[in-house]
Each structure stands twice: as C-alpha cells, then as structure tokens.
Amino acid sequence: MLDYIIHYDVASFIITLASTLHFFYKKSIDTYQTKLFSVLIGLELVSSALDLVTMYTIGHPQVLTRTWHRQCILPIL
C-alpha cells in the first residue's frame, strides 16, 4: 500500500489558486467558454480543499469524534 503524500495536494491547491487569481485578474472577454472555465476552476479549488480536509481528519481521528459527526454532519444530510 502506498503512503499518501499531502504535499502534492497542497502544491496543487496553491498552483490552482495562483492560476485562478491570474485568470480573474487578466480576464477581459466574458464568453460562454470563460464562464465554463471559471466554474471548472472553482470546482477544482473546492475539490482540492475538501481533499485536504479529508486527509487531515483521516490522519488525526481524534479531531473528528463520533459525537461531533452526529451533531454537525448528519442533520445536514
């Protein structure tokens, strides 16, 4: 079994965030393609952030207890 290296996810998040900031700073034409690309970049940032949170909670199980899970997560679902 391979060990999970979180540094790659952190680097991916930082690079995507820098690319996103550059894209929104330099964006000049508002077309369907730029809107679609904006949505895709946003979804990728959310995905990377949730992946980082997931890896942190898996690595530190004492942070996320069963009680907290029942009180905070399950009512949302």
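It should be emphasised that the depicted structure is a prediction, and the values quoted were computed from it without experimental measurement. (Residues numbered from 1 in each chain as written. Predicted model: local features only at pLDDT ≥ 70, side-chain atom pairs only at ≥ 80, totals over all residues. Heavy atoms only, no water.)

**Let's talk about the overall build of the chain**
Turning to step 1, where the next piece is worked out: Within the chain, the secondary structure is distributed over 3 helices and 0 strands.
Turning to step 2, where the next piece is worked out: Secondary structure elements in the chain, listed N-terminal to C-terminal, are α-α-α.
Turning to step 3, where the next piece is worked out: Burial statistics for the chain: of 77 residues in total, 13% are counted as buried.
Turning to step 4, where the next piece is worked out: Element-wise, carbon and sulfur atoms account for 69% of the exposed surface of the chain, whose accessible area totals about 6,700 Å². (Helix = DSSP H or I, 4+ residues; strand = E, 2+ residues; numbered from the N terminus. Buried < 20%, exposed > 50% of the residue type's maximum accessible area, 1.4 Å probe, protein only. Areas by Shrake-Rupley, 256 points an atom, 1.4 Å probe, with all protein chains shown as cover.)

**Examining the confidence of the model for the chain**
Low-pLDDT portions of the prediction should not be read for the details of their coordinates.
Turning to step 1, where the next piece is worked out: Mean pLDDT over the chain works out to 81, with 74% of the residues at or above the 70 mark.
Turning to step 2, where the next piece is worked out: Put simply, helix α3 (residues 66–73) is where the chain has its lowest mean pLDDT, 63, and helix α1 (residues 6–26) is where it has its highest, 89. (pLDDT = per-residue confidence, 0-100.)

**What about α1?**
Turning to step 1, where the next piece is worked out: The end-to-end C-alpha separation of α1 is 30 Å, in line with the 30 Å expected for 21 residues at 1.5 Å each.
Turning to step 2, where the next piece is worked out: Regarding α1, the residues found buried are Asp 9, Thr 16, Thr 20 and Phe 23. Each buried residue of α1 sits inside an arc of 65° when the element is viewed along its axis, so together they form one side. Away from its buried face, by an angle of more than 90 degrees, α1 presents the exposed residues His 7, Ile 14, Ile 15, Leu 21, Tyr 25 and Lys 26.
Turning to step 3, where the next piece is worked out: Where α1 is buried, its residues touch α2 (32–59). (Expected span 1.5 Å × (residues − 1). Arc of directions from axis to C-beta. Contact = heavy atoms within 4.5 Å.)

**What to know about the packing of aromatic side chains**
Turning to step 1, where the next piece is worked out: Tallied over the full model, the rule gives 2 aromatic pairs.
Turning to step 2, where the next piece is worked out: On the numbers, 5.3 Å between centres and 65° between planes, the contact of Phe 23 with Phe 24 is edge-to-face.
Turning to step 3, where the next piece is worked out: Residue classification places Phe 23 among the buried residues on the basis of a relative accessible area of 16%.
Turning to step 4, where the next piece is worked out: Between Phe 23 and Phe 37 the ring centres are 4.9 Å apart and the planes differ by 75°, which places this aromatic pair in the edge-to-face class. Remark: Phe 37 occurs in helix α2 and Phe 23 occurs in helix α1; sequence separation between them is 14 residues.
Turning to step 5, where the next piece is worked out: Classification of Phe 37 by relative accessible area gives partly exposed; the value is 41%.
Turning to step 6, where the next piece is worked out: Grouped by ring-pair contacts, the aromatic residues Phe 23, Phe 24 and Phe 37 constitute a single cluster. (Phe/Tyr/Trp six-rings, centres within 6.5 Å; stacked < 30°, edge-to-face > 60°.)

**Notes on the environment of Ile 14**
Turning to step 1, where the next piece is worked out: With respect to the secondary-structure elements, Ile 14 resides in helix α1.
Turning to step 2, where the next piece is worked out: Using a relative accessible area of 52% as the deciding quantity, one classes Ile 14 as exposed.
Turning to step 3, where the next piece is worked out: Sequence separation between Ile 14 and Ser 48 is 34 residues; the distance between their C-alpha atoms is 9.7 Å.

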